[in-house]
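What the coordinates show
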Amino acid sequence: MLLKLHGSSVKGGGWQQVWEQVSKEAWQQEEIRRRGQMTREQLKEYQSKRVEIRELRYKLDRLCEELTDNDVIMDYRSSFPVPKSVVGLNQERYWRLHDT
């Protein structure tokens, strides 16, 4: 069974929303760093978030690669069956990976 990965079709905004938020925060921190207006605490926080962002992006990329799959469905919009490929989240594989 496949679930579409396009925007709102994944519950709670999905991975795209998380990715956009992480990217936005990273961009904001990069702007502050470029302007040179940081305290030592802000610099330490920025450096730790930067490492965390890289790690989360890596995990998200690997997860998407592992769980994304394609399936063939029959499209009856033209009154006769036409095979179409659908790419999305393989829910059975997701459950199997998270149950272990």
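So, a few notes on the structure that sits alongside this text.

About the thresholds
- Residues numbered from 1 in each chain as written.
- Predicted model: local features only at pLDDT ≥ 70, side-chain atom pairs only at ≥ 80, totals over all residues.
- Heavy atoms only, no water.
- Helix = DSSP H or I, 4+ residues; strand = E, 2+ residues; numbered from the N terminus.
- Buried < 20%, exposed > 50% of the residue type's maximum accessible area, 1.4 Å probe, protein only.
- Polar contact = N/O pair within 3.5 Å; in protein donor to acceptor, adjacent residues only side chain to side chain.
- Pairing = 2+ DSSP bridges.
- Salt bridge = Lys/Arg side-chain N within 4 Å of Asp/Glu carboxyl O.

Checked against the element boundaries, Glu52 lands in helix 2 (residues 40–67). We classify Glu52 as partly exposed; its relative accessible area is 46%. For the pair Glu52 and Val22, spaced 30 residues apart in the sequence, the C-alpha separation amounts to 9.9 Å.

Bringing the side chain of Asn90 into the picture now. In this fold, Asn90 is placed in strand 3 (residues 82–90). Here Arg93 takes part through its backbone nitrogen, which lies 3.2 Å from a polar atom of the side chain of Asn90.

Where strand 2 (residues 68–75) lies against strand 3, eight bridges are found, and the strand directions are antiparallel. Directly across from Asp69, in strand 3, lies its bridge partner Gly88. In textbook terms, the turn of a hairpin is the stretch between consecutive antiparallel strands, and for strand 2 and strand 3 this stretch comprises six residues, one of which, Ser79, has a positive phi near 70°.

What the rule picks out here adds up to five salt bridges. Note that Glu65 and Arg62 form a salt bridge whose closest N and O atoms lie 3.0 Å from each other. Pair noted here: Glu65 and Arg62 are both in helix 2, with a separation of three residues, about one helical turn. For Glu65, a relative accessible area of 53% translates into the label exposed. We classify Arg62 as partly exposed; its relative accessible area is 29%. In this structure, Arg93 engages Asp69 in a salt bridge whose closest nitrogen and oxygen atoms are separated by 3.4 Å. Linking Arg93 in helix 3 (residues 91–99) with Asp69 in strand 2, this pair joins segments that are 24 residues apart in sequence.

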